[in-house]
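The residues making up each chain are set out below.
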Amino acid sequence: MTPWHPPQRTPQAQAVYAAAESDRAARPDAYALDPEPVIAAALRDADPAGLGDPALWREGLDRYLASADEDGRLNALGTRMVRGTAVAGLRARLAMDRLRHTDRPLDTPPVVITGGWRTGTTFLYRLLATDPRLRAPLPAELAVPWKFRGADAERRAELIDAGAAANDLLDLLNPALSTVHGHGPRLPEECVVAMNSGFRNWGFSATVRLDGYSRWLAGQDLTDTYRRHRHVLATLDDADGRRWLLKAPAHTAELSSLAAAFPGACVIFLHRDIVQTVASGASLFCVFRSTYSDHVAPADVGRFQTDQTELWLRRAHDFRTGDRAGSLTIVDIDYDDLVHDTAAVLDRIYAAAGLEPEDATGMIDRYHADHPRTAKGAHRYTPQDFALDEAAVRARLTRWAGPP
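Residues numbered from 1 in each chain as written. Predicted model: local features only at pLDDT ≥ 70, side-chain atom pairs only at ≥ 80, totals over all residues. Heavy atoms only, no water.

1. With respect to the overall build of the protein
From N to C terminus, the protein includes 20 helices and five strands. Relative to the 2.2 N^0.38 estimate, which gives 22 Å for 404 residues, the radius of gyration of the protein is 21 Å and therefore close to what a compact globule would have. Its C-alpha atoms give the protein principal-axis dimensions of about 60 × 55 × 40 Å. For the protein, the proportion of contacts with a sequence separation of at least 24, taken over those separated by at least 6, is 81%. With the model as given, the accessible surface of the protein reaches about 17,500 Å², and the carbon-plus-sulfur share is 51%. (Helix = DSSP H or I, 4+ residues; strand = E, 2+ residues; numbered from the N terminus. Rg over C-alpha atoms; globule rule 2.2 N^0.38 Å. Contact = heavy atoms within 4.5 Å. Areas by Shrake-Rupley, 256 points an atom, 1.4 Å probe, with all protein chains shown as cover.)

2. Some details on the pairing of strand 1 (residues 111-115)
Among the five residues that make up strand 1, five are buried, leaving the element largely enclosed by the rest of the structure. Across three bridges, strand 1 lies against strand 3 (residues 243-247) in parallel orientation. What sits directly across from Ile-113, in strand 3, is Lys-247. Where strand 1 and strand 4 (residues 266-271) come together, five bridges link them in parallel fashion. Of the residues in strand 4, the one forming a bridge with Gly-115 is Leu-270. (Buried < 20%, exposed > 50% of the residue type's maximum accessible area, 1.4 Å probe, protein only. Pairing = 2+ DSSP bridges.)

3. Comments concerning the nonpolar core
Membership of the largest hydrophobic core comes to 92 residues, with the highest contact counts inside it found for Leu-61, Tyr-64, Val-82, Leu-90 and Phe-262. Sorting elements by how many residues they give to this core places helix 15 (residues 274-290) first, with 10 residues. Excluding residues that lie within four positions of it along the chain, Leu-61 makes contacts with Pro-35, Val-38, Ile-39, Ala-86, Leu-90 and Phe-199. Counting residues in each nonpolar core, the second largest holds 25 residues, with Leu-134, Leu-338, Val-345 and Ala-353 among its members. (Core = buried A, V, L, I, M, F, W, Y, C linked by side-chain atoms within 4.5 Å.)

4. Quick look at the packing of helix 5 (residues 121-128) against helix 18 (residues 342-353)
Put simply, helix 5 and helix 18 touch, their axes get as near as 12 Å, and they point 70° apart. Between helix 5 and helix 18, the angle falls in the class roughly perpendicular. Crossing hand, helix 5 versus helix 18: right-handed. Contacts between helix 5 and helix 18 pair Phe-123, Leu-124, Leu-127 and Leu-128 from the former with Thr-342, Leu-346, Ile-349 and Tyr-350 from the latter. Class assignment of the residues belonging to the contact of helix 5 with helix 18 gives a composition of seven nonpolar, one polar and no charged. (Axes fitted to C-alpha atoms, helices over the stretch in contact; angles between N-to-C directions. Parallel < 35°, antiparallel > 145°, perpendicular 65-115°, else oblique. Left-handed = near helix turned anticlockwise from the far one by under 90°. Nonpolar A, V, L, I, M, F, W, Y, C, P; charged D, E, K, R; others polar.)

5. A few points about the pairing of strand 4
In terms of burial, strand 4 is a largely internal element, six of the six residues being buried. Covered by surrounding structure in strand 4 are Cys-266, Ile-268 and Leu-270 together with Val-267, Phe-269 and His-271, the residues of both alternating faces. The pairing of strand 4 with strand 5 (residues 329-334) spans six bridges and is classified as parallel. Pairing of Phe-269 across the sheet is with Asp-332, part of strand 5.

6. Re the packing of helix 15 against helix 16 (residues 298-320)
To describe two helices that pack against each other, one gives the angle between their axes and the distance between the axes. Across the interface, helix 15 lies against helix 16 with an axial gap of 9 Å and an inter-helix angle of 125°. When the axes of helix 15 and helix 16 are compared, the pair comes out oblique. The way helix 15 lies across helix 16 gives a crossing that is right-handed. When helix 15 is examined against helix 16, the residues Ile-274, Val-278, Gly-281, Ala-282, Phe-285, Cys-286 and Arg-289 are found in contact with a partner set consisting of Pro-298, Val-301, Gly-302, Phe-304, Gln-305, Thr-306, Gln-308, Thr-309 and Leu-313. When grouped by side-chain class, the residues that make up the contact of helix 15 with helix 16 number nine nonpolar, six polar and one charged.

7. Regarding the pattern of salt bridges
Enumeration according to the criterion identifies 29 salt bridges in this entry. Close ionic contact of Arg-126 with Glu-189 constitutes a salt bridge, the shortest N to O distance being 3.8 Å. With a gap of 63 residues between them, Arg-126 in helix 5 and Glu-189 in the loop between helix 10 (176-180) and helix 11 (204-207) connect regions that are remote in the sequence. One salt bridge in this structure joins Arg-396 and Glu-310, with 2.8 Å as the shortest N-O distance. Of the two residues, Arg-396 sits in helix 20 (residues 390-401) while Glu-310 sits in helix 16, which places them 86 residues apart along the sequence. Overall, Glu-310 belongs to the buried group, its relative accessible area being 19%. (Salt bridge = Lys/Arg side-chain N within 4 Å of Asp/Glu carboxyl O.)

8. Focus on helix 3 (residues 58-71)
Helix length check: helix 3 (14 residues) gives 19 Å between terminal C-alpha atoms against 20 Å at 1.5 Å per residue, within 8%. If you check which residues of helix 3 are buried, you get Gly-60, Leu-61, Tyr-64, Leu-65, Ser-67, Ala-68 and Asp-71. In a view along the axis of helix 3, the buried residues occupy a sector of 165°, so they form one face of it. Of the residues in helix 3, the exposed ones pointing more than 90 degrees away from the buried face are Asp-69 and Glu-70. Contacts from the buried residues of helix 3 go to helix 2 (35-43), helix 4 (76-97), helix 11 and helix 12 (211-217). (Expected span 1.5 Å × (residues − 1). Arc of directions from axis to C-beta.)

9. Some details on the sheet that holds strand 4
If you walk across this open sheet you meet the five strands as 2-3-1-4-5, and the pairing is parallel. In this open sheet, the two edge strands, each paired with only one partner strand, are strand 2 (134-135) and strand 5.

10. Focus on the environment of Leu-128
Residue position: Leu-128 is located in helix 5. Sequence-wise, Leu-128 and Val-111 are 17 residues apart; in three dimensions their C-alpha atoms are separated by 9.9 Å. Among all residues touching Leu-128, those that are not within four sequence positions of it are Ile-113, Leu-134, Leu-245, Leu-346, Ile-349, Tyr-350 and Met-363.

11. Quick look at a negative patch on the surface
A grouping of Asp-334, Asp-336, Asp-337, Asp-341 and Asp-347 is seen on the molecular surface, where their side chains present a negatively charged patch. One can find Asp-341 in the loop between helix 17 (335-340) and helix 18. The class for Asp-341 is partly exposed, based on a relative accessible area of 42%. (Patch = residues over 30% accessible without salt bridge, like charges linked within 9 Å, V, L, I, M, F, W, Y side chains within 5 Å. Lys, Arg positive; Asp, Glu negative; His and termini not counted. Charge placed at Lys NZ, Arg CZ, Asp CG, Glu CD.)

Encoded structure:
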């Protein structure tokens, strides 16, 4: 079978990529992934002391940039994206630290959706987000939360819609993105988007090959990352009584830090056939990374996805069988149940979260009417596309794949 190959670029996309490469050739310094010019670009005229204790962010920044440079196989747009992400993360740190931090828990513990990549987390997230009692953050809220503080409805709409141009550019560069992961300025997004300012974030490796950074991150404490995440939600909180709804597969690896930041959270943990979890995740990563690299090797992504999935699920198992498991309410949901008996799954989630049940059937029907499953095309893949040996994956990962 032919391995995965990147989607063909349109002439319009090819022109954008070619222009970026020409710009990199003419202005190589503007594409350098060195920490010092990145920090200078982020600070502008701000006091460097505003970034706080370097122990909480500098090594992460250095590791992220170095790994992107050494491991990323980046094209010019990819290099520009990484540099922009680093600058934006530092600017977010400056802006958020001007606001008062508090160690007080949220008034109501959030509902958090997690599990391996491609286990139905996005579908469940955006379905639950239609419940008016729950509040799922939008991309702009996660990227620039300080700008929403005290903003009226008109200003909020402006800030949210400001991301439309970047969204349209992504669709132009890589239309396959919308097939594997729908995105848009008014669609709830993974909350790891708000976790960049300390540069300890599992989300980075989804879009760029970062093997060295990922190995380093596996040994890091993300307590401060999650504390800052809580600060983002507190900043956005408009006291309208809605309960935060969050989602990210990356929380699977960090249940301990999640519990410390959000004690009593209701965690919805999704499970899918382990081979499909790894293969679909590899497909997602290949598509994401092909936006920013012209040299995405499917077997390499399959290997990375297998390693990462094992690490994440093993860490989740260790937490759930340890002394702190009771600090979270965890509900295990099977992917097949979510797809084929969605109403019953919603009833279980509402019961665990202490919420009165909704009209599940009507809620589901309205969601599917607004979000047809194949509106952007079908997502097709096989394990063999990524050189995955199904028997080997099952033998290695099955022990970690289900509830403990």
